[in-house]
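Residue strings, one per chain:
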Amino acid sequence: MIASLFLSVAIANASDSVRVHSSPHLRVLVVDGTKAGATRSKVHESFATSLSASLQRQCGGPVGVRVVDQSSDERAAADLSAGVYDAVLVFEENLPADLRTADFSSTQAVSQVGVPVRVFHLVVRNDDPSLSTMLTSAFADTVKAASFQDALGRSTAMRVVASNLR
C-alpha cells in the first residue's frame, strides 16, 4: 500500500512538470520562392516592421511581429491550422490550394512600384474572427507603407536586372 501511494505521488509530480512556451510576438510564416539573399530578407523585415507599426496604431501599444522564412508552402496550411503561426504571407501570384479552404481567409495585394508587379497574400485562420479582422485591416495599411513598397520595388528591380542577363 505504501509503495502504491509513493508511485501515485511520483506520477502526479511528473505530470506537474508540463512547460508552456509562448511568445509575445505575432508569428508570421513567409513563403517566398525567390532566391534567398539580402534583398529578399529586406522585403520580409520591412513587412514585419510595417505590420508591427500598423498593429501598434490599431491596438494602442507595441505589437511585435516575428517572421519565419520558408521557400515552399509544403507545411504552411498544417502549421497555420495547428497554431504554430498566426498568419502566412505567400509571395506568389496564385495562392496554393491547401490555403484556399474554408478554414482560412486570405487577402491579396500587389506591389505599387516595380516591374514586374509582385503579388502576395496574407492568410489567417477563420476560427478567431477578431484576429482575422485586425490582421486584414493591418495588412491593408502595411502594403501601403513606403518602406515596404520601397523594399518590394528594389526586389523586383533586382529580379528584372537578373532576368535580362540571361
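Data block above holds the structure.
Summarised in this report is the structure supplied together with it. All figures in this text were calculated on a predicted structure; none of them were measured in a lab.

### With respect to the sheet that holds strand E2 (residues 64–70)
Strand pairing in a sheet relies on backbone hydrogen bonds, with the paired strands running either antiparallel or parallel.
Part 1 of the argument: An order of E2-E1-E3-E5-E4 is seen for the five strands of this open sheet, with the pairing classed as mixed. The open sheet has two edge strands, E2 and strand E4 (104–110), and neither has a second partner. Strand after strand, the sheet turns through a mean of 25° between neighbouring axes, direction not considered.
Part 2 of the argument: Contacting strand E1 (25–32), strand E3 (87–91), E4 and strand E5 (119–125), helix H4 (residues 129–144) crosses the sheet at an angle of about 160° to E5.

### Brief notes about the pattern of salt bridges
Part 1 of the argument: In total, this model carries three salt bridges according to the counting rule given.
Part 2 of the argument: In this structure, Arg125 engages Asp127 in a salt bridge whose closest nitrogen and oxygen atoms are separated by 3.3 Å.

### Examining the packing of aromatic side chains
Part 1 of the argument: Evaluated as defined, the whole model comprises five aromatic pairs.
Part 2 of the argument: Here the aromatic rings of Phe120 and Phe139 are separated by 6.1 Å at their centres, their planes lie at 90°, and the arrangement is edge-to-face. One end of the pair, Phe120, is in strand E5; the other, Phe139, is in helix H4, and 19 residues separate them in sequence. For the pair shown, Phe120 and Phe139 are each scored as buried.
Part 3 of the argument: Site record: aromatic cluster; members linked through ring pairs are Phe47, Phe91, Phe120, Phe139 and Phe148.

### Describing H4
Part 1 of the argument: Compared with the 22 Å implied by 1.5 Å per residue over 16 residues, the 23 Å span of H4 between its first and last C-alpha is a close match.
Part 2 of the argument: Along H4, the residues classified as buried are Leu131, Ser132, Leu135, Ala138, Phe139, Thr142 and Val143. Viewed end-on, H4 has its buried residues packed into an arc of 140°, placing them on one side of the element. Structural note: H4 exposes Pro129, Ser130, Thr133 and Lys144 on the side pointing more than 90 degrees away from its buried face.

### Observations regarding the environment of Val84
Part 1 of the argument: Counting through the fold element by element, Val84 comes out in the loop between helix H3 (76–82) and E3.
Part 2 of the argument: On the accessibility criterion, Val84 (39% relative accessible area) is partly exposed.
Part 3 of the argument: Separated by 55 residues in the primary sequence, Val84 and Leu29 place their C-alpha atoms 9.0 Å from one another.

### Quick look at the nonpolar core
Part 1 of the argument: In terms of nonpolar packing, the biggest core is built from 25 residues, with Val28 and Phe120 touching the most fellow members.
Part 2 of the argument: Counting residues in hydrophobic clusters, the runner-up holds twelve residues, among them Val31, Ala77, Val88 and Val123.

### As for the pairing of E5
Part 1 of the argument: Across the seven residues that make up E5, a large majority, seven, are buried.
Part 2 of the argument: Burial along E5 is two-sided: the residues Val119, His121, Val123 and Arg125 and Phe120, Leu122 and Val124 are all buried.
Part 3 of the argument: In this sheet, E5 lies alongside E3 in antiparallel orientation, the contact comprising four bridges. Residue pairing for E5: Leu89 is matched across the bridge by Leu122.
Part 4 of the argument: Where E4 lies against E5, seven bridges are found, and the strand directions are antiparallel. Counted as the bridge partner of Gln108 is His121 from E5.

Calculation notes
- Residues numbered from 1 in each chain as written.
- Predicted model: local features only at pLDDT ≥ 70, side-chain atom pairs only at ≥ 80, totals over all residues.
- Heavy atoms only, no water.
- Pairing = 2+ DSSP bridges.
- Helix = DSSP H or I, 4+ residues; strand = E, 2+ residues; numbered from the N terminus.
- Axes fitted to C-alpha atoms, helices over the stretch in contact; angles between N-to-C directions.
- Contact = heavy atoms within 4.5 Å.
- Salt bridge = Lys/Arg side-chain N within 4 Å of Asp/Glu carboxyl O.
- Phe/Tyr/Trp six-rings, centres within 6.5 Å; stacked < 30°, edge-to-face > 60°.
- Buried < 20%, exposed > 50% of the residue type's maximum accessible area, 1.4 Å probe, protein only.
- Expected span 1.5 Å × (residues − 1).
- Arc of directions from axis to C-beta.
- Core = buried A, V, L, I, M, F, W, Y, C linked by side-chain atoms within 4.5 Å.

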